[in-house]
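Here's the letter readout for the chains.
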Amino acid sequence: MILLSAIVYRNSDVRLPYLKLELGGLLISIILGISIFLFRLEKGNSIFNIVLGYLSIIPALLVLRGVFGTHLFRSASLLYIIMIIIGVIYLIVVFIVSKRYKQEVDHLNSLLEEKNRKTEEQ
Amino acid sequence: MKIIVEDNKFTDDIEVVIKGPKSDDTVKEIYKSLLYFQSTIIGKSSERNYNLSLNNIYYFESVDNKTFAYDKDKVFEVNQRLYQLELSLKHTPFLRVNKNTIINTRKIMSFKHTINGRMEATLKNGEKMKISRNYVADLKSKLGGE
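These numbers were taken from a predicted model, which means no experiment stands behind them.

## Some thoughts on the overall build of chain B
Next up, step 1: Helix and strand counts for chain B stand at three helices and 10 strands.
Next up, step 2: Along the first, second and third principal axes, the C-alpha atoms of chain B reach 45 × 45 × 30 Å.
Next up, step 3: The buried share of chain B, reckoned over its 146 residues, is 23%.
Next up, step 4: In chain B, the share of contacts with a sequence separation of at least 24, taken over all contacts with a separation of at least 6, comes to 38%.

## Notes on the nonpolar core
Next up, step 1: Within the largest apolar cluster, 27 residues are counted, with the highest numbers of intra-cluster contacts made by A:Leu108, B:Tyr59, B:Val97, B:Ile102, B:Ile103 and B:Ala121.
Next up, step 2: Among the elements that take part in this core, helix α5 (residues 76-121) of chain A stands out by supplying five residues, more than any other.
Next up, step 3: Each residue touching B:Ile102, except ones within four places of it in the same chain, is listed here: B:Tyr59, B:Phe60, B:Leu82, B:Leu85, B:Glu86, B:Leu89, B:Phe94, B:Leu95 and B:Arg96.

## A word on unusual backbone geometry
Next up, step 1: One non-glycine residue, B:Ser46, adopts positive backbone phi at about 50°.
Next up, step 2: On the secondary structure map, B:Ser46 appears in the loop between β1 (40-45) and β2 (48-53).

## A look at the confidence of the model for chain B
Residues and elements named next belong to chain B.
Next up, step 1: Put simply, chain B has an average pLDDT of 86, and 99% of its residues get 70 or more.
Next up, step 2: Looking over chain B, one finds the lowest element-wise mean pLDDT in helix α1 (residues 25-38), namely 78, and the highest in strand β3 (residues 59-63), namely 94.
Next up, step 3: Two summary scores accompany this predicted model of the complex, namely pTM at 0.70 and ipTM at 0.72.

## Observations concerning the interface of chain B and chain A
Next up, step 1: On the side of chain A, 21 residues touch chain B, which itself brings 18 residues to the contact.
Next up, step 2: In terms of residue count, the dominant contributor to the side of chain B that touches chain A is strand β8 (residues 108-113) of chain B (five residues).
Next up, step 3: Counted by class, the side of chain B that touches chain A contains seven nonpolar, seven polar and four charged residues.

## Considerations on the packing of helix α2 (residues 18-40) of chain A against helix α3 (residues 46-55) of chain A
If you want to describe how two helices pack, look at the angle between their axes and the distance between the axes.
Residues and elements named next belong to chain A.
Next up, step 1: Where α2 contacts α3, the two axes come as close as 7 Å, and the packing angle between them is 175°. Put simply, α2 runs roughly antiparallel to α3. Residues Ser35, Leu38 and Phe39 of α2 pack against Asn49, Ile50, Leu52 and Gly53 of α3.
Next up, step 2: Residues that form the contact of α2 with α3 fall into these classes: four nonpolar, three polar and no charged.

## Observations regarding the confidence of the model for chain A
Next up, step 1: When pLDDT is averaged along chain A, the result is 85; 98% of the residues meet or exceed 70.
Next up, step 2: Mean pLDDT across the elements of chain A bottoms out in helix α1 (residues 2-12) of chain A (81) and peaks in α2(A) (89).

## Structural notes on the packing of α2(A) against helix α4 (residues 58-68) of chain A
All names here are of chain A.
Next up, step 1: Where α2 meets α4, the closest approach of the two axes is 9 Å, and the angle between their N-to-C directions is 175°. Between α2 and α4, the angle falls in the class roughly antiparallel. Of the residues in α4, those in contact with Lys20, Leu21, Gly24, Leu27, Ile28, Ile31 and Leu32 of α2 are Pro59, Ala60, Val63, Leu64 and Val67.
Next up, step 2: Partitioned by chemical class, the residues of the contact of α2 with α4 number 10 nonpolar, one polar and one charged.

Cut-offs and rules
- Residue positions are counted from 1 within each chain, in the order its sequence is given.
- Chains and ligands are labelled sequentially in the order written, the chains with letters from A and the ligands with numbers from 1.
- Two thresholds apply to this predicted model, a pLDDT of at least 70 for residue-level local features and 80 or more for giving and counting side-chain atom pairs, whereas whole-chain, interface and lining totals are computed over all residues.
- A run of H or I in DSSP becomes a helix once it reaches four residues, and a run of E becomes a strand once it reaches two; helices and strands are each numbered from the N terminus.
- Every C-beta atom is placed from the backbone, and the number of other C-beta atoms within 10 Å of a residue's own sets its class: buried at 20 or more, exposed at 12 or fewer, partly exposed in between.
- We call two residues in contact if the C-beta atoms placed from their backbones are at most 7 Å apart.
- Note on terminology: a nonpolar core is any set of buried Ala, Val, Leu, Ile, Met, Phe, Trp, Tyr and Cys residues joined through C-beta atoms within 7 Å.
- The predictor's confidence in any single residue is recorded as pLDDT, a number from 0 to 100.
- Lys, Arg, Asp and Glu make up the charged group, whereas Ala, Val, Leu, Ile, Met, Phe, Trp, Tyr, Cys and Pro make up the nonpolar group; the residues left over, Gly among them, are polar.
- Angular values range over 0 to 180 degrees, each being the angle between N-to-C directions of two axes fitted as lines to C-alpha atoms, with helices fitted over their stretch in contact.
- In this scheme, roughly parallel covers angles under 35 degrees and roughly antiparallel covers those over 145, while 65 to 115 is roughly perpendicular and the rest are oblique.

In structure tokens:
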């Protein structure tokens, strides 16, 4: 938030109120926390949880827009572009997490197979 | 270490003799792991107490401050807390895999992962168990990994 406000100050020479920045930062942190919680939720359908995790990020963008207004979001389309960028980053994160766990599960399955093979041999 | 199996078709009793220094760590480990086949636990079902062999138990689960033992198709209430079981079953194939469950690793059929990083174990009786990320390292070492 401080970095963004510095960018706004440098470009438009506008000082944003500190309290507004703090509250905005706090709200965004809460929203991101909820998003991570939904993403990692162990109940329910995993694909549904992933979509829910992404959808819950969007209010954070609206908060960001509320705090910085037109100083940062000069055109309305920018909001949608950022949503797409976040979506792409989110997909990359999902891909990395999924791949990491696939490797771990493959390793566990191979250990299990090895153990079963040894038991059968004995 | 030598492992010798003498085939004896005329007896149902299995006798295991460990030859080696009693104070040796390997001997102690073998002894403790063999206890798994002998150990039993008292389980209650329909107001009757049963002597359950650990070998037949698939998993223990804690629900509403009560602990239950599950064999292939039956459920028994156990008069011990999950943490107590975790301690007493330390040297057996049993392992805690999430906050509420201790599973018998010998009854695991396969592991599966979901797209959002959840891990699941399918037991030989077809039941699925959630595996918490915190216990994956212990699970690996229990299955003989690093």
